[in-house]
Amino acid sequence: MKALICSFSVLCKRKIARTLTAFYVCFLGVCGDEFSVLRSPQSVVFRDGSWPIPGERIPDVAALSMGFSVEDLSWPGLAVGDLFHRPRATVLVTVKGVDKLTLPVKGISYPIENAVPFSLDSVANAIHTLFSEETPVVLQLAPSEERVYMVGKANSVFEDLSVTLRQLRNRLFQDNSILSSLPLNSLSRNNEVDLLFLSELQVLHDIASLLSRHKHLAKDHSPDLYSLELAGLEEVGKRYGEDSQQFKDASQILADSLQKFADEMFNLYSGNAVVEVVAVKAFNSPLTRKTRSILQSSQSETENPYNLAYPYNYNYSVIFNIILWMMIGLALAVIVISYNLWNMDPGYDSIIYRMTNQKIRMD
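Per-chain numbering applies: the sequence of each chain, read as written, is numbered from 1 onward. In view of the model being predicted, local features appear only for residues whose pLDDT reaches at least 70, and side-chain atom pairs are presented and counted only at 80 or more, with totals across whole chains, interfaces and linings using the full set of residues. Side-chain descriptors were evaluated using all non-hydrogen atoms of the structure, hydrogens and water having been removed beforehand.

Named according to an unreviewed UniProt entry, the chain is Renin receptor originating from Strix occidentalis caurina.

Shown next, in the form of structure tokens:
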């Protein structure tokens, strides 16, 4: 009993020490960036707390909230929700140039530890692989970089979406653009930096507007994924300075637009969507995407001279359990069948021998 009490006290001390360390690190400014959950259904439970989330594990949090398996995610901010009712959509908006946004509706926020560039490519590939025969909507868009990636029904739903800088500029000066209803305050329509920022807000409005024309896609069983990267606010800060009135007005306009976008997407999916915002002042290292060409084929063969095995895959435990219990079931079945055959009386237990004995007697 004393040993149990001692071990429990040691565990409590370690947990308190880790919590104090996390708060101390965040206090020093390492966790200046923020991960916020604007809207989430009841089946996904985010706990209210100040646990720092590693920047490289943000895609794992998005995948786990959608019901996919991840490897060793010990972050206490996401609790175990309803396993049989997962969200139909996950919307993740990354805002560069600011470490925190003052949103109209207070959501649950967590500090980000080691804000490194991340990508939701793994989540998109998992959706495309598991739901290839259904109608998933996968949209990854970075308007300022003219980078877009669509999978499934996204190609037909967002075929009229402006993705290039020229298209975005032309879209802003149409009759039904946000310029007619959005208060610009100190921002100008004649400045290229301001137009880039406003064009990203126009993309948010157009995504919700185009999706509202295909509401049936929000009611199917395949999960949808939206990943947006907004860098217009960062350009406004570089152009005018972070202490300028333009940057303050742009931050407030962006916060209001994000909250409106979150509410619209949440309502389109009938309250069964997760809307998250990542506010990052600046990433610690640039994101590099590895590419491969046919000229590297001979080079890749020398990268593994010792013929080592592939890295661990989280599907290994699933496949192992399936094969293990199948082999145990087959072994038990063979033992039971062999035992019954060994102790079987041919004269009474088998109809074949019984009919054979009658035929012999008749002959």
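Quick look at the pairing of strand β8 (residues 273-280) now. With respect to burial, β8 is a largely interior element, eight of its eight residues being buried. Neither face of β8 is left uncovered, since the one carrying Ala 273, Val 275, Val 277 and Ala 279 and the one carrying Val 274, Glu 276, Val 278 and Val 280 both have all their residues buried. Taken together, the five bridges between strand β1 (residues 34-39) and β8 define a ladder with antiparallel strand orientation. Paired with Arg 39 across the strands is Val 275, a residue of β8. One ladder, built from eight bridges, connects strand β3 (residues 89-96) with β8; its direction is parallel. We call a residue buried when its accessible area falls under 20% of the maximum for its residue type, exposed when it is over 50%, and partly exposed in between, using a 1.4 Å probe and counting protein chains only. The helix count covers DSSP runs of H or I at least four residues long, the strand count covers runs of E at least two residues long, and both are numbered beginning at the N terminus. Strands qualify as paired when DSSP identifies two bridges or more between them.

The UniProt record annotates "transmembrane region" (unreviewed entry) at residues 318-342. With 100% helix and 0% strand, residues 318-342 has its two end C-alpha atoms placed 36 Å apart. UniProt positions are given in the numbering used here, feature names are shortened, and annotations may be inferred rather than shown by experiment.

Any Lys or Arg side-chain nitrogen found within 4 Å of a carboxyl oxygen on Asp or Glu counts as a salt bridge. A complete count under the given rule lists nine salt bridges for this structure. For Glu 234, the salt bridge identified is with Lys 238, shortest N-O distance 4.0 Å. Residue Glu 234 and its partner Lys 238 are located together in helix α7 (residues 232-240), separated by four residues, close to a single helical turn. Since its relative accessible area comes to 17%, Glu 234 is described here as buried. Classification of Lys 238 as exposed rests on a relative accessible area of 59%. Taken together, the shared-partner salt bridges connect Lys 96, Glu 145, Arg 147 and Glu 229 into one network.

What follows covers the packing of helix α6 (residues 192-212) against α7. Axes are the key here: two packed helices are described by the angle between their axes and the distance separating the axes. Helix axes use the C-alpha atoms of the stretch in contact, all axes being lines fitted to C-alpha atoms, and the angles between their N-to-C directions lie in the range 0 to 180 degrees. The geometry of α6 relative to α7 is characterised by a closest axis approach of 8 Å and an angle of 160° between their N-to-C directions. Relative to α7, the element α6 lies roughly antiparallel. α7 is crossed by α6, and the crossing has left-handed handedness. In contact with Val 193, Asp 194, Leu 196, Phe 197 and Glu 200 of α6, α7 contributes Gly 232, Leu 233, Glu 235, Val 236, Arg 239 and Tyr 240. Residue polarity is assigned by list, with Asp, Glu, Lys and Arg as charged and Ala, Val, Leu, Ile, Met, Phe, Trp, Tyr, Cys and Pro as nonpolar; anything else, Gly included, falls into the polar class. Its residues placed into classes, the contact of α6 with α7 shows six nonpolar, one polar and four charged. Under this scheme an angle from 65 to 115 degrees is roughly perpendicular, one under 35 degrees roughly parallel, and one over 145 degrees roughly antiparallel; angles in between are oblique. Here a crossing is called left-handed whenever its near helix is offset anticlockwise from the far helix by less than a right angle, and right-handed whenever the offset is clockwise. Only heavy atoms matter for contacts: two residues are in contact if any of them lie within 4.5 Å across the pair.

With that out of the way, let us pick up the pairing of strand β6 (residues 147-152). As judged from the six bridges shared by strand β5 (residues 137-142) and β6, these two strands associate in the antiparallel manner. Across the sheet, residue Val 138 finds its bridge partner in β6, namely Val 151.

Next up on the list: the packing of α6 against helix α8 (residues 245-268). The interhelical angle for the contact between α6 and α8, taken along N-to-C directions, is 10°, at an axis separation of 10 Å. The orientation of α6 with respect to α8, classified from their angle, is roughly parallel. Residue-level inspection shows Phe 197, Leu 201, Leu 204, Ile 207, Ala 208, Leu 211 and Ser 212 of α6 in contact with α8, the latter providing Ala 250, Ile 253, Leu 254, Ser 257, Leu 258, Phe 261, Glu 264, Met 265 and Leu 268. Its residues placed into classes, the contact of α6 with α8 shows 13 nonpolar, two polar and one charged.

Within the patch definition used here, like charges are joined within 9 Å and nonpolar side chains (Val, Leu, Ile, Met, Phe, Trp, Tyr) within 5 Å, considering only residues with over 30% relative accessible area and no salt bridge. Methods summary: accessible areas were calculated by the Shrake-Rupley approach with a probe of 1.4 Å, and residue burial reflects only the protein chains presented. There is a patch of nonpolar side chains on the surface, built from Tyr 316, Phe 320, Leu 324, Trp 325, Ile 328, Leu 332 and Ile 335 and spanning about 740 Å² of accessible area. Within the secondary structure, Leu 324 is located in helix α10 (residues 316-342).

Averaged over every residue, the pLDDT of the chain is 81; residues scoring 70 or more account for 78%. The pLDDT score gives, residue by residue, the confidence of the prediction method on a 0 to 100 scale. β3 holds the highest mean pLDDT among the elements of the chain, 95, whereas helix α9 (residues 297-301) holds the lowest, 42. Low confidence marks residues 15-30, where pLDDT is under 50. Its contacts with residues over four positions away, or in another chain, come to nine contacts.

Another aspect to go through is helix α2 (residues 58-65). In terms of burial, α2 is a largely internal element, seven of the eight residues being buried. Lining the buried residues of α2 we find β1, β2 (53-54), β3, β4 (108-113), α3 (121-130) and β8. A positive phi of about 100° marks Gly 67, the residue just after α2.

A separate point is the sheet that holds β3. Reading across the sheet, the eight strands line up as β2-β4-β1-β8-β3-β7-β5-β6 and stay open at both edges, with mixed pairing between neighbours. Unpaired on one side and paired on the other, β2 and β6 mark the two borders of the sheet. Relative to β4, β1 is paired through four bridges, and the arrangement is antiparallel. Its bridge partner being in β4, Phe 35 is matched across the sheet by Tyr 110.

In this section: the packing of aromatic side chains. Each pair of aromatic rings is reported with the distance of its centres and the angle of its planes. What counts as a ring pair is set by centres within 6.5 Å for rings of Phe, Tyr and Trp (its six-membered ring), and what kind of pair is set by the plane angle: stacked under 30 degrees, edge-to-face over 60, tilted for all other angles. This structure, assessed with the given rule, holds five aromatic pairs. Where Phe 118 meets Phe 283, the ring centres are 6.5 Å apart and the plane angle is 80°; that geometry is what we call edge-to-face. Of the two residues, Phe 118 is situated in the loop between β4 and α3 and Phe 283 in the loop between β8 and α9; the sequence distance between them amounts to 165 residues. By relative accessible area, which is 15% here, Phe 118 ends up buried. For Phe 283, a relative accessible area of 24% puts it in the partly exposed group. Measuring from centroid to centroid gives 6.3 Å for Phe 158 and Tyr 226, while their planes differ by 90°, and the two rings are edge-to-face. Of this pair, Phe 158 sits in the loop between α4 (154-157) and α5 (165-172) while Tyr 226 sits in strand β7 (residues 224-230), placing them 68 residues apart in sequence.

With a phi close to 60°, Asn 114 is a non-glycine residue in the positive phi region. Position of Asn 114 relative to the elements: it lies in the loop between β4 and α3. Non-glycine residue Ser 270 carries a positive phi angle of around 55°.

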